[in-house]
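Understanding the architecture of this molecule
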Amino acid sequence: MRRLVFAPLLLLALAVAGCQGCARPADRVVVYSAQDQEFADGVFADFTAASLLTVVPKFDTEANKSVSLAAELEADASRPRADVHWNNEILATIRLARKGVYEPYTSPHAAAFPAWTKANDGTWQAFAGRARVLIVNTNLVPEADRPKSLLDLTDPKWKGRVAVAKPQFGTTATQAACLFEVLGADAAKQFYRGLKANDVQVVAGNKQTATGVSEGKFAVGLTDTDDALIELNAGKPVAVIFPDKDGHPSHPRMGVLYIPNTLAVVKGGPNPAGAKKLIDFLLTPETEAKLATGGGFQIPLNPNVTADMPKALLTPSRVKAMAVDFDKAADLWDETQEFLRNEFAR
């Protein structure tokens, strides 16, 4: 009988001994991050140095990171493991907020950000955006012939010469839902059907779109600023175009689409105090400046940020930004996804 009592006690003692030095929830912050690891790691290191809190990030693959992390947060809602969600796709953030995954938090560092970057219920804060842009191969397309509007891509002269990432995923899917909101469903469907009829080349992702253009496989690609700027800064024969930067004569709400990163405290996470400290740190001007200049080319949304950004990177203050209601675009997500699946997933 004594052996039966002793065995559990021994196992407990071993477990405690084996956990000596393990970080307690109060000593660490768990972050589910869709930001590229190569850019997020440096920011997390700065936070740890300033706060003495260890950051435990969970990243995922380039192809499905924002989707899989969002699904995991939803699945873990009854027993959350994450403290902070750093997302790079705002519509998924809005949908998660509606499902009760986040708890409201207004950081004191959010005050300087524009009103459109804030959730109405305080559950998320947007910062550090990317723009949806066109990348053009300058050897294949003379300057006078380059498209100025997103809608120009349905012109027959671009037949078979335009590349785009899979429309149902990532920022390409976000752009589609935003176009459904801004143009109306009928005009948006007409645009995507026009792309398909124009033999648009669908590739794996935004990076593959940008590199395909830089290598001369395609004349024009629809991608994000970070992927386009990497090719431009590498000296490849490309130019970056911010489509509809002066507006569109037939669609007054058209303009450059900026898709921000978002930050949210996960409801019921193990370290809510640490989560708020990390969000406060990430919303500082210094962090946005680092994300802008450290190779990730994230566009600061705090107007007080000063950063030596590439000249090709246009901030919302320098162009006409798309007048999109992200909440309404999130309402249209399911309709948009069904349409894109029917048109492009065959």
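Our subject is the structure listed above.
Quick summary incoming for the structure in this document. (Residues numbered from 1 in each chain as written. Predicted model: local features only at pLDDT ≥ 70, side-chain atom pairs only at ≥ 80, totals over all residues. Heavy atoms only, no water.)

Moving on: the pattern of salt bridges. Throughout the structure, instances matching the rule amount to 16 salt bridges. For arginine 253, the salt bridge identified is with glutamate 181, shortest N-O distance 2.6 Å. Placement of the pair is arginine 253 in the loop between β9 (238-241) and β10 (258-266) and glutamate 181 in helix α5 (residues 170-183), with a sequence separation of 72 residues. Note on arginine 253: relative accessible area 29%, which makes it partly exposed. For the salt bridge of lysine 245 with aspartate 246, the shortest nitrogen-to-oxygen distance reads 3.6 Å. Taking the relative accessible area as the measure of exposure, lysine 245 reaches 36% and is therefore partly exposed. You can call aspartate 246 exposed: its relative accessible area is 67%. One salt-bridge network, held together by shared partners, links Lys58, Glu72, Asp76 and Arg81. (Salt bridge = Lys/Arg side-chain N within 4 Å of Asp/Glu carboxyl O. Helix = DSSP H or I, 4+ residues; strand = E, 2+ residues; numbered from the N terminus. Buried < 20%, exposed > 50% of the residue type's maximum accessible area, 1.4 Å probe, protein only.)

This brings us to the packing of aromatic side chains. Within the structure shown, the criterion is met by eight aromatic pairs. Ring geometry for tryptophan 86 against phenylalanine 127: centres 5.8 Å apart, planes inclined by 45 degrees, an arrangement best described as tilted. Of this pair, tryptophan 86 sits in strand β3 (residues 84-87) while phenylalanine 127 sits in strand β5 (residues 125-137); the two residues are 41 residues apart in sequence, bridging distant segments of the chain. Phenylalanine 127 shares its class with tryptophan 86; the two are buried. Members of the aromatic cluster, each reached through a chain of ring pairs, are Phe44, Phe59, Trp86 and Phe127. Looking at arginine 95, its charged tip hangs above the ring of tryptophan 333, at a distance of 4.2 Å from the centre. (Phe/Tyr/Trp six-rings, centres within 6.5 Å; stacked < 30°, edge-to-face > 60°. Lys NZ or Arg CZ within 6 Å of the ring centre and 35° of its normal.)

A word on the environment of methionine 322. With respect to the helices and strands, methionine 322 occurs in the loop between α10 (285-293) and α11 (326-331). Methionine 322 sits in the buried class, given a relative accessible area of 10%. Residues methionine 322 and aspartate 244 lie 78 residues apart in sequence; the distance between their C-alpha atoms is 8.5 Å. In contact with methionine 322, not counting residues within four places along its chain, are Cys178, Leu179, Val182, Arg253, Met254, Gly255, Val256 and Leu257. (Contact = heavy atoms within 4.5 Å.)

Turning our eyes to something else, we now look at the nonpolar core. With 57 residues, the main nonpolar core has Leu91, Leu179 and Tyr192 as its most contacted residues. It is α5 that contributes the most residues to this core, eight residues altogether. Sequence-distant contacts of leucine 91, defined by excluding residues within four places in its chain, comprise Thr174, Ala177, Phe326, Ala329, Ala330 and Trp333. Grouped together as the second largest cluster of nonpolar side chains are 24 residues, Phe44, Phe47, Ala110 and Phe113 included. (Core = buried A, V, L, I, M, F, W, Y, C linked by side-chain atoms within 4.5 Å.)

Right, let's talk about the environment of lysine 196 for a bit. Looking at the element boundaries, lysine 196 is found in helix α6 (residues 185-197). Each C-alpha atom, one on lysine 196 and one on leucine 52, is 52 Å from the other, the two residues being 144 residues apart in sequence.

Axes are the key here: two packed helices are described by the angle between their axes and the distance separating the axes. Running from amino to carboxyl end, α5 crosses helix α12 (residues 333-344) at an angle of 115 degrees, the nearest separation of the two axes being 9 Å. Taken together, the axis directions place α5 and α12 in an arrangement best described as roughly perpendicular. For α5 against α12, the interelement crossing comes out right-handed. In contact with Ala173, Thr174, Ala176, Ala177 and Phe180 of α5, α12 contributes Trp333, Glu335, Thr336, Gln337, Phe339 and Leu340. Its residues assigned to classes, the contact of α5 with α12 shows seven nonpolar, three polar and one charged. (Axes fitted to C-alpha atoms, helices over the stretch in contact; angles between N-to-C directions. Parallel < 35°, antiparallel > 145°, perpendicular 65-115°, else oblique. Left-handed = near helix turned anticlockwise from the far one by under 90°. Nonpolar A, V, L, I, M, F, W, Y, C, P; charged D, E, K, R; others polar.)

We now examine α5. The terminal C-alpha atoms of α5 lie 20 Å apart, and with 14 residues this matches the ideal 20 Å at 1.5 Å per residue to within 8%. Within α5, 13 of the 14 residues are buried, which leaves it mostly tucked inside the rest of the structure. One or two residues past the end of α5 sits glycine 184, with phi positive at roughly 95 degrees. (Expected span 1.5 Å × (residues − 1).)

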